[in-house]
Amino acid sequence: NQTGAYKFRVTNGGSAGVTGVVVQVPLPEGLTFAHASDGGQAAGGTSVVRWNVTEIPAGQTKELSLACVGAKIGDFHLEPEVLVGQRQVALGKISTSIRGVAALSVEVADVADPVEVNGETIYEIHVVNQGTMTVTGVVVTCTVPEEVEA
């Protein structure tokens, strides 16, 4: 699970300061709240992260940040909204994609050890994908040294 960071800028383009600003971001299924700047919280265990911004002076910008953990692979859309009082004054959209990675490991082991001269043994080859993405078309090739009869 990887953490993704998001930054939101809320600008007061007006000629007077604004108080009682609330910024909230509903998190889609598959993203979980990790932490936020400026006291942002996922209130009551909900999937909505909320900041109560005391004031944004005229012509100023408030920057907020959010970190989420991607719990599954997919495309996700965050739609932050800015409220003043109970009225929505701005809405945004941020899209992010979480992709998996393949992490193959190979282990080769002989079943009987040690092997006598002119003796026979069996080798086991284990290929494991420890990643988060399915892998197809894997081909395993084993080269046997000249000194060994296959």
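See the structure shown above.
Model, not experiment: these values are computed from the prediction.

Caption draft 1: Structural view of the sheet that holds strand β1 (residues 3-11). A sheet is described by the order of its strands in space; here three strands give the open sequence β1-β6-β3, paired in antiparallel fashion. Each of the sheet's edge strands pairs with one partner strand only, and the pair in question is β1 and β3 (31-36). Ignoring strand direction, the axes of neighbouring strands in this sheet form an average angle of 35°.

Caption draft 2: The sheet that holds strand β2 (residues 18-26), seen in detail. If you walk across this open sheet you meet the five strands as β4-β5-β2-β8-β9, and the pairing is antiparallel. The open sheet has two free edges, formed respectively by β4 (41-42) and β9 (87-91), since each of these has just one partner strand. Where β4 and strand β5 (residues 48-56) come together, two bridges link them in antiparallel fashion. Of the residues in β5, the one forming a bridge with A42 is V49.

Caption draft 3: How the structure looks around the pairing of β5. Both β2 and β5 contribute to a ladder of eight bridges, which runs antiparallel. In the sheet register, V25 faces β5, and the bridge partner there is V49.

Caption draft 4: The arrangement of the environment of L78 in detail. Within the secondary structure layout, L78 lies in strand β7 (residues 74-78). When the C-alpha atoms of L78 and S95 are compared, they prove to be 6.3 Å apart, with 17 residues separating the residues in sequence. With residues up to four places along the chain from it excluded, the contact list for L78 reads Y6, V25, L27, P28, L31, L66, G92, K93 and I94.

Caption draft 5: Representation of unusual backbone geometry in the model. The phi torsion at D38 lies on the positive side, around 50°, for a residue other than glycine. The topology assignment puts D38 in the loop between β3 and β4. Its identity is not glycine, yet N118 carries a phi of approximately 65°, on the positive side. Here N118 shows up in the loop between β11 (104-110) and β12 (123-129).

Caption draft 6: Representation of the nonpolar core within the structure. Ranked by internal contacts, the top residues of the largest apolar core, which has 19 residues, are V23, W51 and L66. Those elements that provide at least two residues to this core are β1, β2, β5, β6 (61-70) and β7. Residue contributions to this core peak at four residues, all from β5.

Caption draft 7: Spatial organisation of the side chain of E81. Along the chain, E81 turns up in strand β8 (residues 81-84). Despite being buried, E81 has no salt bridge partner; R50 is the closest side chain of opposite charge, sitting 6.9 Å away. A polar contact of 2.6 Å, which involves the side chain of E81, links it to the side chain of Q24. Among residues more than four places away in sequence, those in contact with E81 are V22, V23, Q24, Q88, A90 and L91.

Thresholds, definitions, all that
Residues numbered from 1 in each chain as written. Predicted model: local features only at pLDDT ≥ 70, side-chain atom pairs only at ≥ 80, totals over all residues. Heavy atoms only, no water. Pairing = 2+ DSSP bridges. Helix = DSSP H or I, 4+ residues; strand = E, 2+ residues; numbered from the N terminus. Axes fitted to C-alpha atoms, helices over the stretch in contact; angles between N-to-C directions. Contact = heavy atoms within 4.5 Å. Core = buried A, V, L, I, M, F, W, Y, C linked by side-chain atoms within 4.5 Å. Buried < 20%, exposed > 50% of the residue type's maximum accessible area, 1.4 Å probe, protein only. Lys, Arg positive; Asp, Glu negative; His and termini not counted. Salt bridge = Lys/Arg side-chain N within 4 Å of Asp/Glu carboxyl O. Polar contact = N/O pair within 3.5 Å; in protein donor to acceptor, adjacent residues only side chain to side chain.

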